[in-house]
Amino acid sequence: MTVYFIGAGPGDPELVTVKGQRLIQRCPVILYAGSLVPDAVLTGHAAELVVNTAELDLDAIVRLLADAHAKGQDVARVHSGDPSLYGAIGEQIRRIRALDIPYEIVPGVTATAACAATLGCELTLPGISQTVILTRYATKTAMPAGEQFADLARHGATMAIHLGVRHLARIVDELRPHYGNDCPIAVVYRASWPDEERVTGTLADIVDKVAQTDIARTALILVGRVLAADAFDESTLYSPD
């Protein structure tokens, strides 16, 4: 018996990996984060138990995993995006390790990758940015020392900010001194879902633009010069030299 922590991707059911899809269709138990994973991701399953864990606490989830283990049943534990990023799998893994329950992590397409795809851009460009910082805005969970916005923004790298759209005005205020008012920024709501919405602008106008929409959650913020760069060096990868 194995618990498979499966990345369901950003929302489009065709963005689940082949391995992830195979396990979802094979495992007799499926636990999925229904608030962020669409039902279409589970299409074709033959599980005898399917549980939406959106309303369950950690203890209840671990009990379900332990019950499946006692019955010798593999579990597809399905998370949105890639489970290694803001998937809260670390705490589940710690609990099942203590119970000697085997597990495996199956990577998924990240929300950041889906946002770059829908914006039609590359997040790393020679001479512009060769670094992508994935972070979140501090709300209920404080950021560790050295990971405050000013510490990260001073690099000027491409930044993907999770869980922050409700605090967009404050985020922009903290980014301006490091990126400048004219720096491109994008807010993408539910990337790859049928109701996807994206708003693009600069640090000078993005707050007003987003205020004219209903976007209040489930959105990723991307900021960096790569979002609107035309003048950049060509890579050496395809150089004739």
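A brief structural summary. Model, not experiment: these values are computed from the prediction. (Residues numbered from 1 in each chain as written. Predicted model: local features only at pLDDT ≥ 70, side-chain atom pairs only at ≥ 80, totals over all residues. Heavy atoms only, no water.)

1. A few points about the environment of Ala8
Just so we agree on the cut-off: Runs of H or I in DSSP of at least four residues are treated as helices and runs of E of at least two as strands, each being numbered from the N terminus. By definition in these notes, contact holds between two residues if any of their heavy atoms fall within 4.5 Å.
Here Ala8 is to be found in the loop between β1 (3-7) and α1 (18-26). The spacing of Ala8 and Gly20 is twelve residues in sequence and 7.3 Å in space, taken between C-alpha atoms. Apart from the residues lying within four places of it in its own chain, the contact partners of Ala8 are Val16, Val37, Val41, Val78, His79, Ser80 and Gly81.

2. Remarks on the sheet that holds strand β2 (residues 29-32)
What counts is decided by this rule: We call two strands paired when DSSP finds no fewer than two bridges between them. For every element, the axis is a line fit to its C-alpha atoms; helices are fit only across the contacting stretch, and the angle between N-to-C directions ranges from 0 to 180 degrees.
Pairing in this open sheet of five strands is parallel, and the strands run β3-β2-β4-β1-β5 from one edge to the other. Whereas interior strands pair on both sides, the edge strands pair on one side only; in this sheet they are β3 (49-52) and β5 (103-106). Going across the sheet, the axis of each strand differs from the next one's by a mean of 15°, ignoring polarity. The sheet contact formed by β2 and strand β4 (residues 75-79) spans four bridges and is parallel. From the neighbouring strand, Ile30 faces β4, where its bridge partner is Ala76. In this fold α1 packs onto β1, β2, β4 and β5, with an angle of close to 130° to the strand it touches most, β1.

3. Things to note about the packing of aromatic side chains
Selection rule: Aromatic pairing here means that ring centres of Phe, Tyr or Trp (its six-membered ring) are within 6.5 Å. Orientation follows from the plane angle: under 30 degrees is stacked, over 60 is edge-to-face, and everything else is tilted. Only protein chains enter the accessibility calculation, which uses a 1.4 Å probe; a residue whose area is less than 20% of its type maximum is buried, one above 50% is exposed, and one in between is partly exposed. Geometrically, a lysine NZ or arginine CZ counts as sitting over a ring once it is within 6 Å of the ring centre and also within 35 degrees of the ring normal.
Under the definition given, this model contains two aromatic pairs. A centroid spacing of 6.2 Å and a plane angle of 75° characterise the contact between Phe5 and Tyr103, whose relative ring orientation is edge-to-face. Remark: Tyr103 occurs in strand β5 and Phe5 occurs in strand β1; sequence separation between them is 98 residues. Exposure remark for Phe5: the relative accessible area of 0% places this residue in the buried category. Its relative accessible area of 28% is what places Tyr103 among the partly exposed residues. Aromatic pair Tyr137 and Phe149: ring centres 5.4 Å apart, planes at 70°, arrangement edge-to-face. Residue Tyr137 is located in the loop between β6 (132-136) and α5 (149-153), and its partner Phe149 is located in helix α5; the two are separated by twelve residues in the primary sequence. By relative accessible area, which is 5% here, Phe149 ends up buried. Looking at Arg190, its charged tip hangs above the ring of Trp193, at a distance of 3.8 Å from the centre.

4. Things to note about the sheet that holds strand β8 (residues 184-189)
Think of a sheet as strands paired side by side through backbone hydrogen bonds, with each pair either parallel or antiparallel. In space, the five strands of this open sheet follow the order β6-β7-β10-β8-β9, with mixed pairing throughout. A strand with exactly one partner marks an edge of an open sheet, and here the two such strands are β6 and β9 (197-202). Here the strands of the sheet are splayed against their neighbours by 15° on average, with no regard to which way each runs. In the sheet, β8 pairs with β9 via six bridges, with the strands oriented antiparallel. Across the sheet, the residue bridging to Ala186 is Thr200, located in β9. Against the sheet, helix α4 (residues 111-119) contacts β6, β7 (158-162), β8, β9 and β10 (219-223), and its axis sits at roughly 65° relative to β10.

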